Amino acid sequence: MYKLPPLVLFLILTFELFGQLTTSISVNYGFGTHFNFNTMQEYQNGITHTQYTQLNLTYKHDDGMGNPVGSNWQLTVTPVSVQINGNTGTQLNLSQIQITAETVGGATINQTLTNAPIVIAQGTQTVLEENITVNITYSCGIAGSLLGETADNYLVNLEFSLEQVP
Amino acid sequence: MKTLTTLILATVISVGTAFSQPVKDKIILPVGITLNSVLRLDIVSGGAIEFVFNNLTDYNQGINPTGGNTLYQTQITVSSSTDWDLNLWSEGGFIGASGKTIDLDHLEYQITATGSHTDGVELTIPSSTNRIAVTNATVPVIIGNDGQSAGDDTQNAFIIDWFAGVTNTFLAKNYPADRYVANIILQLVAK
């Protein structure tokens, strides 16, 4: 019976010593976007939806004693498919879409979609719980013209992921 | 004693699990693209061409605007979001006011690209170097090369030069003097 309290204390201390990393992403507004190409001007110049999505990131890395670890975090985007798929079997290259992430009070990063995860925002934890607002701008048909592509409805799902920098 | 120990262990582990948090959070946002087809053919000038034969030279040699004569030119532009072809044919033959007809092949055309899309690169124009007679059959007169021809009216601009009685002259045809008319159809087709 007397062996129980030390055991419990040990287990609790073990949990405390390992600390905790908490990340979460929430969408303030702009749950996805849609580009409609109707005119030659849009085909030639592309379309940009400025600050169409706003994300709220929460990053909390506790050293187990209630102090920030000071680790680095990053927000990545990964397309779920290797192409932008049309309804009729047609496809567009992922590179037709560019994403610009503006971190409020931080840097602006512009990236073109690829098959691999791309980092669109990053930073270093300075307080126990970092709350970061990121405005996302989407562009389509800017870097490469959509002229000559088959008329269709296309869709790609983008996975936004917040994590500690490996 | 063992039961109590097990119970405490299970409770502590459960509490620990309940407090544990994901170290990576994800959301998925969809991005859609709708491409609506843009396909437009504009007749800039020369929507109606009139050939008037007044002298024997015209009958002997025809009316030949080689070198460019806006009286016998049709300027067109194409705006297309996809590759395209332009077809040409005559709706019928030449019919005079009296009901008499003349052969369709008296009329010929030659097409020149004047925009930044050129013959042999973005386009194939069979009549770019020689005249071709108009027929009733649908003929592709400008062929968009794959992945090249989509573009606006500054890229896809053309002049159609019309010729009458040049290869097949009117002399000795014994056509009654009249005003003969044929409707020429231009058809823009998306590939």
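Throughout this description, residue numbers start from 1 for each chain and increase along the sequence as written. To read the labels, note that chains go from A and ligands from 1, taken in the order they are written. Given that this is a predicted model, residues contribute local features only at a pLDDT of at least 70 and side-chain atom pairs are listed and counted only at 80 or more, while totals for whole chains, interfaces and linings are drawn from all residues. Side-chain numbers come from the whole structure's heavy atoms, not from hydrogens or water.

Some thoughts on the overall build of chain B
Looking only at helices and strands, chain B has two helices and 13 strands in total. Burial classes: relative accessible area under 20% of the type maximum marks a residue as buried, over 50% as exposed, and values in between as partly exposed (1.4 Å probe, protein chains only). For chain B, the residues scored as buried account for 40% of the 191 residues in total. Whether two residues are in contact is decided by their heavy atoms: any pair within 4.5 Å suffices. Summarising the internal contacts of chain B: among those between residues at least 6 apart in sequence, 81% fall at separations of at least 24. With the model as given, the accessible surface of chain B reaches about 9,800 Å², and the carbon-plus-sulfur share is 54%. Helix numbering and strand numbering both begin at the N terminus, where a helix is a DSSP run of H or I of at least 4 residues and a strand a DSSP run of E of at least 2. The Shrake-Rupley method, run with a 1.4 Å probe sphere, supplies the accessible areas, and residue values consider only the shown protein chains as cover.

Examining the sheet that holds strand β7 (residues 97–103) of chain A
Residues and elements named next belong to chain A. Between any two strands, at least two bridges found by DSSP are needed for them to pair. Judged by pairing direction, the sheet is antiparallel, and its five strands sit side by side in the order β1-β3-β10-β7-β8 without closing on themselves. One side of each edge strand has no neighbouring strand; the edge strands of this open sheet are β1 (20–29) and β8 (108–112). With strand direction ignored, the average angle separating the axes of adjacent strands in the sheet is 25°. Relative to strand β10 (residues 129–140), β7 is paired through seven bridges, and the arrangement is antiparallel. Bridging across to β10, T100 finds its partner in T137. The convention used is that axes are lines fitted to C-alpha atoms, helices contributing only their stretch in contact, and that angles between N-to-C directions extend from 0 to 180 degrees.

Describing the sheet that holds strand β4 (residues 84–90) of chain B
Residues and elements named next belong to chain B. Across the sheet, four strands lie side by side as β8-β10-β4-β13; this open sheet has antiparallel pairing. Both edges of this open sheet fall to β8 (123–124) and β13 (184–190), since each of them pairs with a single strand only. With four bridges joining them, β4 and strand β10 (residues 139–144) adopt antiparallel strand pairing. Looking at β10, one finds that L86 is bridged to I142.

Re the confidence of the model for chain B
Residue and element names in this part refer to chain B. Considering every residue of chain B, the mean pLDDT works out to 90; 88% of them sit at 70 or more. The pLDDT score gives, residue by residue, the confidence of the prediction method on a 0 to 100 scale. Per-element confidence in chain B is highest for β8, whose mean pLDDT is 98, and lowest for helix α1 (residues 2–19), whose mean pLDDT is 52. Our summary of model confidence lists the complex with pTM equal to 0.78 and ipTM equal to 0.86.

What to know about the interface of chain B and chain A
Across the contact, 35 residues belong to chain B and 53 residues belong to chain A. Each partner contributes to the roughly 3,800 Å² buried at the junction of chain B and chain A, and carbon and sulfur atoms together form 64% of this total. In what follows, salt bridge is the name for a side-chain nitrogen of Lys or Arg lying within 4 Å of a carboxyl oxygen of Asp or Glu. Applying the counting rule to chain B against chain A returns one salt bridge. The closest approach of N and O atoms between E159 of chain A and K26 of chain B, which form a salt bridge, is 3.6 Å. Those elements that place two or more of their residues in the side of chain B that touches chain A are α1, β1 (24–35) and β3 (73–80) of chain B. Considering every element that reaches the side of chain B that touches chain A, the biggest residue donor is β1 of chain B, with 12 residues. Note: buried area is the sum, over both parts, of the accessible area (probe 1.4 Å) each one loses when the two are combined.

So, unusual backbone geometry
A negative phi holds for most residues other than glycine; trans holds for most peptide bonds. Positive phi outside glycine occurs at Q51 of chain A, with the angle close to 45°. Within the element layout of this structure, Q51 of chain A appears in strand β3 (residues 47–62). A residue is classified by how much of its surface remains accessible, and Q51 of chain A, at 33% relative accessible area, is partly exposed. With a phi close to 65°, A172 of chain B is a non-glycine residue in the positive phi region. By relative accessible area, which is 67% here, A172 of chain B ends up exposed.

Things to note about the pattern of salt bridges
Residue and element names in this part refer to chain B. One pass over the full model with this rule turns up six salt bridges over all chains. In this structure, D42 engages R40 in a salt bridge whose closest nitrogen and oxygen atoms are separated by 3.5 Å. E108 is the partner of R131 in a salt bridge, and the nearest nitrogen-oxygen pair spans 3.2 Å. Linking R131 in the loop between β8 and β9 (132–133) with E108 in strand β7 (residues 107–113), this pair joins segments that are 23 residues apart in sequence. Relative accessible area serves as the criterion here: at 30%, R131 is assigned to the partly exposed category. One continuous salt-bridge network, built from bridges that share partners, spans D85, D146 and K191.

Focus on the confidence of the model for chain A
On average, residues of chain A score 89 in pLDDT, and 89% of them reach the 70 mark or higher. Here residues 9–17 of chain A is a poorly scored stretch, pLDDT under 50, and it has seven contacts once near neighbours within four places are set aside; other chains count.

Brief notes about the side chain of Q125 of chain A
Residues and elements named next belong to chain A. Relative to the helices and strands, Q125 resides in the loop between β9 (118–124) and β10. Between N or O atoms, a polar contact is any pair within 3.5 Å; within protein, one atom must be a potential hydrogen donor and the other a potential acceptor, and residues adjacent in sequence are included only when both atoms are from side chains. In this structure the side chain of Q125 is engaged in a polar contact, spanning 3.1 Å, whose partner is the backbone oxygen of H61. Engagement of the side chain of Q125 in a polar contact is seen with the backbone oxygen of V127, the distance being 3.2 Å. Filtering out sequence-adjacent residues up to four positions away, Q125 remains in contact with Y59, K60, H61, P68, V69, G70, S71, W73 and E130.

Side note on the nonpolar core
A general trend in soluble globular proteins is that nonpolar side chains are found buried together. We define the nonpolar core as a collection of buried residues of types Ala, Val, Leu, Ile, Met, Phe, Trp, Tyr and Cys that are connected through side-chain atoms lying within 4.5 Å of one another. L75, I99 and F160 of chain A together with I33 of chain B are the most contacted members of the largest nonpolar core, which has 40 residues in total. Core analysis: the second largest hydrophobic core is formed by 28 residues, F53, I63, I102 and F170 of chain B among them.

Comments concerning the pairing of β4 of chain B
Residue and element names in this part refer to chain B. Taken across its seven residues, β4 has seven buried, putting it largely inside the fold. Side chains of β4 alternate between two faces, with W84, L86, L88 and S90 and D85, N87 and W89 buried alike. Pairing analysis gives seven bridges linking β4 to β13, with the strands arranged antiparallel. Its bridge partner being in β13, S90 is matched across the sheet by I184.

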